[in-house]
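Spelled out, the chains give:
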Amino acid sequence: MSDEVFLKYVDNVHVKVIANPGILKELGDEFTFFAPNYKFHPKYRSRMWDGRIRLVNYLTGTLYAGLAQRVKKWCESRDYEFRLDDKLLYEDVSEHEIKEHIKKLKIPKKFDEREYQVDSIIKCIRTGRRTLLSPTSSGKSLIIYVISTWYAKHKKLIIVPTISLVNQLEGDFRDYGYKGKVHKSTDKGGLSKEMNIKADIVITTWQSLNNGKTRMPKGWYNQFGVVFGDEAHGAKATSLIQILSSMTNCRYRFGTTGTLDGEPLNETTIEGLFGPRYQSITTRELIDQGFASKFQVKCLLLRYPDADCKAVKGMKYQDEVNFLINHPKRNKFIKNLTLSLKGNKLVFFRQRDHGDILYQLIMDGKKKKNVFYIDGTISGDMREQIRHAIEDEKDATLLASLGTTSTGTNIKRLHHMISAWLGKGRIKVLQSIGRMLRLHAEKEAEGAILYDIVDDLSIKTHQNYALKHFTQRCAIYDSEEFDYKIYQIGLSK
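Rules of the game
Residues numbered from 1 in each chain as written. Predicted model: local features only at pLDDT ≥ 70, side-chain atom pairs only at ≥ 80, totals over all residues. Heavy atoms only, no water. Pairing = 2+ DSSP bridges. Helix = DSSP H or I, 4+ residues; strand = E, 2+ residues; numbered from the N terminus. Axes fitted to C-alpha atoms, helices over the stretch in contact; angles between N-to-C directions. Contact = heavy atoms within 4.5 Å. Buried < 20%, exposed > 50% of the residue type's maximum accessible area, 1.4 Å probe, protein only. Salt bridge = Lys/Arg side-chain N within 4 Å of Asp/Glu carboxyl O. Phe/Tyr/Trp six-rings, centres within 6.5 Å; stacked < 30°, edge-to-face > 60°. Lys NZ or Arg CZ within 6 Å of the ring centre and 35° of its normal. Left-handed = near helix turned anticlockwise from the far one by under 90°. Nonpolar A, V, L, I, M, F, W, Y, C, P; charged D, E, K, R; others polar.

Draft legend 1. Region of interest: the sheet that holds strand β9 (residues 182-184). The seven strands lie next to each other as β9-β10-β8-β11-β12-β7-β13, forming an open sheet whose pairing is parallel. Because the sheet does not close on itself, it has two edges, and the strands there are β9 and β13 (277-279). Going across the sheet, the axis of each strand differs from the next one's by a mean of 20°, ignoring polarity. Pairing analysis gives five bridges linking strand β11 (residues 226-230) to strand β12 (residues 252-257), with the strands arranged parallel. Note that in β12 the partner of phenylalanine 228 across the bridge is phenylalanine 254. Sheet contacts for helix α7 (residues 163-176): β8 (156-160), β9, β10 (201-205) and β11; angle to β10, the most-contacted strand, approximately 150°.

Encoded structure:
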C-alpha cells in the first residue's frame, strides 16, 4: 500500500485517489497550475490567493476522472504501483465490431469515411471518453454522428459553440442518413427544460445551457448518457466545469476541437472532464492528402507615416486598437483590397463598430449589392440563409465578426479571406484559417488566399502591439508549416 495509487470510482466526473499522504501530496503538485492571468486577479494582488488552481482536492482526495490515464503514466514514471477501479476500465469492444457498425449505417458514398476518421471513431468508442483534436475540414460531424449511433440506447447531448452550428450539425446528420428525432435550442420556444425530452439527440450551445435565465437545472442533465462538446476549448471555463460536472450520470464523454490553447490548466481541465487527448490528423496532413484546400498567406505589412507612429507610441493596447480600426487610410486600403479581388471574400473584424465602418465603405464602392454582414445581432436562421446565399454567388463579400463566424461555419465556395482584426491567439488564428480549407472545384488550382493585415507603427527599437502580435502569428504559421510571404506597403501621408 505504501507505494500504491488506487483510483476509486466516485461518479462519471470524479475519481478518489487512495494513496499515502506523501504520494497524494506529490500527485497534487503534479496537477497544480497557475491560473491564466493570475497576476492581474484582485485576490492575488491583495495576497489572499497564491494564483494556483489545484485539481486534486486534498480534503476529499478527488480528481477529474478523465485524468486517470495521466495518473497511470505518472505512477509508471516513479515506479509506483497503479490500480484502477473496475468501473473505470475500458469496454471490451473490437475494431471489427465498430467497423461492421459503420458499414451497417450505409452512409452515402460522397461521405465515405476516411482512414483517420475510422481510427478516431475506434479510439473514442473503445475508451468511452476522449478529447479529440480534429481540425477544420477533417469531418468532425461525421465522427460525432457515427459515435452517437453506436450509443443508440442512450440519449445524446451535443453542445456546439454557435447557434449557426446547431442547424448546420442537424443538417449534416440528416445528410448522413439520420432519421431520429432531434431537439434543438433553435426550435420554436427554445431549449426545453423538460426532465425527459422526447428526442434521441439534443443539440444546443454552451451559452444556452449556462447563461442566466436559460440555465438548465442540474437534474436536467440526468437524462443523458452521452455528451459531445464540439470546440470544447471555446467554452468559458466556468461553463465547461458547470455543465460537465453536472453530468454525473453520463459515462460517455467526447470533446472535439481543432486545437488547444497551450495553457496547461485549460488543457488539463478539458481532458479531465472529457478524457485523454487524441490527435486525429493535422491541418498540414489534411492539405497534403487532398482533404483540405491548398492556401497561402499574404502578409500585408502596412507602414504608417511617422506622425502616426509617434502618436501611437506609449498608447495602451485598447487605445491602439481604437486608433487602427478608425484609421481612414487603413479602412480605405481594406475596402480597395476587398473590391479588387475576384471570387467570394470573407472579411473578418472583431468589434462591431469596425464592421459597420467597413460595411458602409464596401457597400458604397460596390456596384452589385451582393454584400452580406453578420455579427451577434443577426439571428441563427438568417446566418444560415447568408451561408447558403454565398455558396450560390460568384463574387460575394461577407463581412463577419470573429465571434460569430470563425468557428465551424461551412462555406466551401470561399476564395479569399481578409483578416482585419488584430490578434495573436492561436485558437482564433487557426479557426479563422479553417474557414478557407473547405474543398471546392474552383479552388483546386491555386487554392485560397489569406490576407493578413499587419500594422507597423514601430519607431527605432520600439514595436507597437499590432506588430508584436504579427510576430506571434508568424510563429503559429511556422509551427503549422503554412506558406506565407510578407509584402511591405506604405500608407500615403
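Draft legend 2. A look at the sheet that holds strand β6 (residues 81-84). Spatial ordering of the open sheet is given by β5-β2-β1-β6, a layout of four strands whose pairing is mixed. Each edge of the sheet is formed by a strand with only one pairing partner; in this case those strands are β5 (62-64) and β6. On average, each strand axis in the sheet is inclined to that of its neighbour by 30°, with strand direction left out of account. Summarising the sheet, strand β1 (residues 4-9) and strand β2 (residues 14-18) pair through four bridges and their orientation is antiparallel. Bridge assignment links tyrosine 9 to a residue of β2, and that residue is valine 15. Packing of helix α3 (residues 68-77) onto the sheet brings it into contact with β1, β5 and β6, and relative to β6 it is tilted by some 160°.

Draft legend 3. Highlighting unusual backbone geometry. Positive phi, close to 60°, is recorded for asparagine 37, a residue that is not glycine. For asparagine 37, a relative accessible area of 57% translates into the label exposed. In this structure, glutamate 481 is a non-glycine residue whose phi angle is positive, near 60°. Within the secondary structure, glutamate 481 sits in the loop between α19 (465-479) and β20 (484-490).

Draft legend 4. Local environment of the pattern of salt bridges. Overall, the coordinates contain 23 salt bridges when judged by the stated rule. Between aspartate 29 and lysine 25 there is a salt bridge, with the nearest N and O atoms lying 3.0 Å from each other. Within this pair, aspartate 29 and its partner lysine 25 are both found in helix α1 (residues 21-30), separated by four residues, close to a single helical turn. You can call lysine 25 partly exposed: its relative accessible area is 42%. Across the salt bridge formed by glutamate 95 and arginine 126, the nearest N and O atoms sit 3.9 Å from each other. Of this pair, glutamate 95 sits in helix α4 (residues 95-105) while arginine 126 sits in helix α5 (residues 115-127), and the two are 31 residues apart along the sequence. The class for glutamate 95 is partly exposed, based on a relative accessible area of 39%. Arginine 126 sits in the partly exposed class, given a relative accessible area of 35%. When salt bridges that share partners are traced, they join Arg70, Glu267, Glu271 and Arg277 into one network.

Draft legend 5. Local environment of the packing of aromatic side chains. Enumeration over the complete set of coordinates arrives at 19 aromatic pairs. Geometrically, the ring pair formed by tyrosine 145 and phenylalanine 173 is edge-to-face, given 5.2 Å between the ring centres and 70° between the ring planes. With tyrosine 145 in helix α6 (residues 140-150) and phenylalanine 173 in helix α7, the pair connects residues that are 28 residues apart, well separated along the chain. Across the pair, phenylalanine 173 and tyrosine 145 agree in class, each one buried. Taken together, the aromatic side chains of Phe111, Tyr145, Phe173, Tyr176 and Tyr178 make up a single cluster linked through ring pairs. Here the guanidinium or amino end of arginine 83 rests over the ring plane of phenylalanine 6, the centre of that ring lying 4.4 Å away. One residue, lysine 468, lies across the ring of tyrosine 465, its end atom 5.8 Å from the ring centre.

Draft legend 6. Region of the structure containing the packing of α7 against helix α16 (residues 380-392). For the pair α7 and α16, interaxial distance at closest approach is 8 Å and the crossing angle is 65°. The interaxial crossing formed by α7 with α16 has right-handed handedness. Facing Ile163, Ser164, Asn167 and Gln168 of α7, the residues of α16 in contact are Gly380, Asp381, Arg383, Glu384 and Arg387. Here the contact of α7 with α16 is composed, by residue class, of one nonpolar, four polar and four charged.

Any link to function would need more than the numbers given here.
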